[in-house]
Amino acid sequence: MMLIGDSDVVRCKLFMSTLVGTAMEWFISLPDSHVTSFAQLSKLFREQYIATRAPPPNSYDLFDVRQYQGEMLKEFVNHFGAHVVRVSTKDELMIVHAFMKGICLGPFSESLIRSRLIRRRAVAHIAAEGEVNKKRVSIVPACPRTSSHS
């Protein structure tokens, strides 16, 4: 924006014209002749309102995203996905855990739980099968024995 007479006075007046509510009340409460430059006004304003600024989202905020009773799964997935983008995490396992924690109990969540249990059991079975195969190999001799009957 190009200002005619680009001065601190003009900037302060323009800034004041954008204030409403409690921000305007704050501005009016400043002592007369307290503000001597736009830079000072800007600094005072930031100091006054920096605490009310929302903190940047972090990946653990995903655990607070919940599906509301009656909310369609599609809506929840869209809502959850928007949060994932905002926190920009790459930890897929954490995203999955947060998603599982956030969805309401129902057929979909139950199928996810069953598939996780099945996967765990399959992994355990595969590991056990590997151990059993190792034992079989170590018990069975590699070469057949020759009989020494004469």
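Structural data are supplied above this passage.
One structure accompanies this document, and this report is about it. (Residues numbered from 1 in each chain as written. Predicted model: local features only at pLDDT ≥ 70, side-chain atom pairs only at ≥ 80, totals over all residues. Heavy atoms only, no water.)

### Re the overall build of the protein chain
The helix and strand inventory of the protein chain stands at six helices and zero strands. The N-to-C order of helical and strand elements in the protein chain reads α-α-α-α-α-α. Across the 150 residues in the protein chain, those meeting the buried criterion constitute 19%. For the protein chain, the share of sequence-separated contacts (at least 6 apart) that also reach a separation of at least 24 residues comes to 46%. Just so you have it, the protein chain exposes about 12,300 Å², and 62% of that area is on carbon and sulfur atoms. (Helix = DSSP H or I, 4+ residues; strand = E, 2+ residues; numbered from the N terminus. Buried < 20%, exposed > 50% of the residue type's maximum accessible area, 1.4 Å probe, protein only. Contact = heavy atoms within 4.5 Å. Areas by Shrake-Rupley, 256 points an atom, 1.4 Å probe, with all protein chains shown as cover.)

### Brief notes about the packing of aromatic side chains
As enumerated under the stated definition, the model contains seven aromatic pairs in all. For the ring pair F76 and F80, a centre distance of 5.8 Å and an interplane angle of 40° mean the geometry is tilted. A residue pair is termed a helical-turn pair when its members lie 3 or 4 positions apart in one helix, as F76 and F80 do in helix 4 (residues 73–87) at four residues. Across the pair, F80 and F76 agree in class, each one buried. Where F76 meets F99, the ring centres are 5.4 Å apart and the plane angle is 40°; that geometry is what we call tilted. Of this pair, F76 sits in helix 4 while F99 is found in helix 5 (residues 92–102), placing the two residues 23 residues apart along the sequence. Among the residues examined, F76 registers a relative accessible area of 0% and is labelled buried. Members of the aromatic cluster, joined through ring pairs, are F15, W26, F38 and F45. (Phe/Tyr/Trp six-rings, centres within 6.5 Å; stacked < 30°, edge-to-face > 60°.)

### Observations regarding helix 2 (residues 21–29)
Within the span of helix 2, buried status applies to A23, W26 and F27. In an axial view of helix 2, the angular spread of the buried residues amounts to 95°, which keeps them on one side of the axis. Those residues of helix 2 that are exposed and angled more than 90 degrees off the buried face are T22, E25, I28 and S29. Elements in contact with the buried residues of helix 2: helix 1 (8–17) and helix 3 (38–49). (Arc of directions from axis to C-beta.)

### Examining the nonpolar core
Within the largest apolar cluster, eleven residues are counted, these being L62, V65, F76, F80, V84, V87, M94, I95, A98, F99 and I103. Of all elements in the fold, only helix 4 and helix 5 reach the threshold of two or more residues within this core. When sequence neighbours within four positions are dropped, the list of residues in contact with L62 reads F80, H83, V84, V87, T89, M94, I95 and A98. If you look at the next biggest cluster of nonpolar residues, it comprises eight residues, including C12, L19, W26 and L41. (Core = buried A, V, L, I, M, F, W, Y, C linked by side-chain atoms within 4.5 Å.)

### Overview of the packing of helix 1 against helix 3
Angle between the axes and distance between the axes: these two values describe a pair of packed helices. Packing of helix 1 against helix 3 brings their axes to within 9 Å, and their N-to-C directions diverge by 30°. Put simply, helix 1 runs roughly parallel to helix 3. Counted together, D8, R11, C12 and F15 of helix 1 and F38, L41 and F45 of helix 3 form the full contact between these two elements. (Axes fitted to C-alpha atoms, helices over the stretch in contact; angles between N-to-C directions. Parallel < 35°, antiparallel > 145°, perpendicular 65-115°, else oblique.)

### Brief notes about the pattern of salt bridges
Throughout the structure, instances matching the rule amount to one salt bridge. Of the charged contacts in the structure, one is a salt bridge between E47 and K43, with a shortest N-O distance of 3.3 Å. Linking E47 with K43, this pair stays in helix 3, spanning four residues, or about one helical turn. (Salt bridge = Lys/Arg side-chain N within 4 Å of Asp/Glu carboxyl O.)

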